[in-house]
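# Report on the structure
Here is how the chains run, residue by residue.
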Amino acid sequence: MGSVAEKARFYLERAAPQLREFDEKEIFNKDEIRSLVTKRSDFEHLVLSPGTKPSDFLSYVQWERSMDRLRAKRCKRLKIRGSNPRPSEARVFGIFERAVMKHPGCIPLWIAYLDFAAEIKATKRWRRVITKAIRMHPRSAVLWTMAGRNAAVHGDMERARAYFLRGCRFCTGEVSLWVEYARCEMEWLARIEAKKSGKGVRRGVNPLEAIKATEGTEIEGDHIALDDSDEDDVVDGDELILPDPDAGEKKKKPVFDAEATRKLEQSPALSGAIPMAIFDIAKKQPFYAAAACEAFFDMFATFGHVSCQSKITQHVLSAMEESFPMSACTASCFIRQPLIGVDINTPEFPKALRESLARLRKAYAEQTEDKKALAGKIVDWASKILEIESLDPAIRMVLEATKKGLEAELGQEKA
């Protein structure tokens, strides 16, 4: 194509049908349309000129989306029907495509593209974009995490595990992806236990059958079936579908027989074996340190409703005590452990808090080298509990006194 002006004119002409619609349906008046064209022309010249930056494309996208929101509001106020948001969405997709081709190394640009596709529920487009992004940035933990979590949210744990497994091969220098993989598995365990107890299962459905349906997929190593197809899996209404003459003779082998059901009920995966295995493999990676273990511990601590949670957190704490016995991170996890999974409004909370405070005194005196770092961690932890409005006054008084004592020691050390 020719000069910047010619390219800008080409892209502006592609938006002409929508502008005619604005004029015919009186969504915008002629002066507003002229202003709109002028602003769009300015953006086109900006993003097509040499030296353009990723922020220029993001500003262009933001303006296009604000214009479409204004169109939607006016159509609602004026009761105008038949105005379709598709042309605006297609234009935004086109801007993002040009942006990532111009700046393929900008990860925030890819993330913005994916966020937009997810927001308008463009599932096939999202998969194609994440495939391109990961191939361009195979060592980006953020992109692998987005891919894995998106698959898990849509109920495809096989694809989610494949994404996380492949990502963990590439991202051995930071702990975030490994923690997110373990979080995904904990969320899966929570859903399984909810189905096992009958929660989240339709009436008339056996909870065990619901678990079978969840477990009925086979994982083939860490292979990822990336979806590059642009075709929709739909059948044309005019297409003649002939019955299979051998359909009555074919009998599918049942996925779960009696033996498989027994193994499912006794599966180590339901007792937290997968999250613990992820942590054990993470111990062999370059990022393994006390802070990385604490990140795992804090994540596992948020799943108090999972039955195997105490077993998993104890597994992490035991590894920390073995590898980093004098670290402030280890002492902090040791102190907070009794309160994990304990509701603040139950009678068990004061007893657990008493145990935590006893551990605090022991750890502060014997089990840590960096008392300043430990005091800072415990002050932050106590502050989060004190923010809860329904906290018992007596417990609040104890925590405030503990917090003040640690803050005073922190002030003395600073002085």
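See the structure printed just above.
All of the points below concern the structure found in this document.

Rules of the game
Residues numbered from 1 in each chain as written. Predicted model: local features only at pLDDT ≥ 70, side-chain atom pairs only at ≥ 80, totals over all residues. Heavy atoms only, no water. Helix = DSSP H or I, 4+ residues; strand = E, 2+ residues; numbered from the N terminus. Buried < 20%, exposed > 50% of the residue type's maximum accessible area, 1.4 Å probe, protein only. Contact = heavy atoms within 4.5 Å. Areas by Shrake-Rupley, 256 points an atom, 1.4 Å probe, with all protein chains shown as cover. Axes fitted to C-alpha atoms, helices over the stretch in contact; angles between N-to-C directions. Parallel < 35°, antiparallel > 145°, perpendicular 65-115°, else oblique. Nonpolar A, V, L, I, M, F, W, Y, C, P; charged D, E, K, R; others polar. Phe/Tyr/Trp six-rings, centres within 6.5 Å; stacked < 30°, edge-to-face > 60°. Expected span 1.5 Å × (residues − 1). Salt bridge = Lys/Arg side-chain N within 4 Å of Asp/Glu carboxyl O. Core = buried A, V, L, I, M, F, W, Y, C linked by side-chain atoms within 4.5 Å. Left-handed = near helix turned anticlockwise from the far one by under 90°.

### Overview of the overall build of the chain
Across its full length, the chain holds 19 helices and 0 strands. Here the chain holds 415 residues, and the buried ones make up 41% of them. The long-range share in the chain, meaning contacts at least 24 apart out of those at least 6 apart in sequence, stands at 67%. Carbon and sulfur atoms make up 53% of the accessible area of the chain, which amounts to about 23900 Å² in all.

### Considering the packing of helix H13 (residues 273-282) against helix H14 (residues 290-301)
Contact geometry of H13 with H14 gives a least axis separation of 11 Å together with a crossing angle of 170°. In terms of their interaxial angle, H13 and H14 are classed as roughly antiparallel. Contacts between H13 and H14 involve Pro275, Ile278, Phe279 and Ala282 from the first element and Cys293, Phe296 and Phe300 from the second. The class makeup of the residues in the contact of H13 with H14 is 7 nonpolar, no polar and no charged.

### Let's talk about the packing of aromatic side chains
Tallying each qualifying case throughout the model produces 15 aromatic pairs. A centroid spacing of 5.0 Å and a plane angle of 70° characterise the contact between Phe22 and Phe28, whose relative ring orientation is edge-to-face. Residue Phe22 is classed as buried on the basis of its relative accessible area, which comes to 0%. Summarising the aromatic geometry, the rings of Phe93 and Tyr113 are spaced 6.1 Å apart at their centres and angled 50° between planes, so their arrangement reads as tilted.

### Describing helix H4 (residues 54-78)
End to end, H4 covers 36 Å across 25 residues, agreeing with the expected 36 Å (1.5 Å per residue, within 8%). Buried within H4 are the following residues: Asp56, Phe57, Tyr60, Val61, Trp63, Glu64, Met67, Asp68, Arg71, Arg74 and Cys75. After H4 finishes, the residue Lys79 shows a positive phi value of roughly 55°.

### A word on the side chain of Glu180
Tracing the backbone through its elements, the reader meets Glu180 in helix H10 (residues 176-196). If sequence neighbours within four positions are ignored, Glu180 has contacts with Thr145, Arg149 and Phe164.

### Quick notes on the pattern of salt bridges
Throughout the structure, instances matching the rule amount to 22 salt bridges. Of the charged contacts in the structure, one is a salt bridge between Lys377 and Glu294, with a shortest N-O distance of 2.9 Å. With Lys377 in helix H18 (residues 371-386) and Glu294 in helix H14, this pair connects stretches of sequence that are 83 residues apart. A relative accessible area of 25% means that Lys377 is categorised as partly exposed. The exposure class of Glu294 is buried, given its relative accessible area of 9%.

### Description of the nonpolar core
With 87 residues, the main nonpolar core has Phe22, Ile130, Met186, Phe296 and Phe300 as its most contacted residues. Of all the elements, H10 adds the most residues to this core, at 11 residues. If sequence neighbours within four positions are ignored, Ile130 has contacts with Leu114, Leu143, Ala147 and Tyr163. Ranked by size, the runner-up nonpolar core spans 24 residues in total, among them Leu353, Leu360, Leu374 and Trp381.

### Topic: the environment of Ser176
In this fold, Ser176 is placed in helix H10. Ser176 sits in the partly exposed class, given a relative accessible area of 35%. Sequence spacing of Ser176 and Phe296 is 120 residues, and the spatial spacing of their C-alpha atoms is 9.3 Å.

### Notes on the packing of helix H15 (residues 309-323) against helix H16 (residues 328-336)
One can describe the packing of H15 onto H16 by two numbers: an axis separation of 10 Å at closest approach and a directional angle of 145°. In terms of crossing hand, the pair formed by H15 and H16 is left-handed. Along the contact surface, H15 presents Leu317, Met320 and Glu321, while H16 presents Cys329, Thr330, Cys333 and Phe334. Looking at the contact of H15 with H16 residue by residue, the class counts come to 5 nonpolar, 1 polar and 1 charged.

### Remarks on the environment of Ile80
As for its position among the elements, Ile80 is in the loop between H4 and helix H5 (86-102). In this structure, Ile80 is in contact with Lys25, Ile27 and Cys75, ignoring residues within four places of it in sequence.

### Considering unusual backbone geometry
Located in the positive-phi region is Glu26, a residue other than glycine, with phi close to 60°. Mapped onto the secondary structure, Glu26 falls in the loop between helix H2 (16-24) and helix H3 (30-48). On the accessibility criterion, Glu26 (61% relative accessible area) is exposed. If you check the backbone angles, Lys79 has positive phi at about 55° while not being a glycine. Considering the arrangement of structural elements, one finds Lys79 in the loop between H4 and H5.

### Here we look at the side chain of Ser88
Of note, Ser88 is situated in helix H5. Residues in contact with Ser88, not counting those within four places in the same chain, are Gln18, Glu64 and Asp68.

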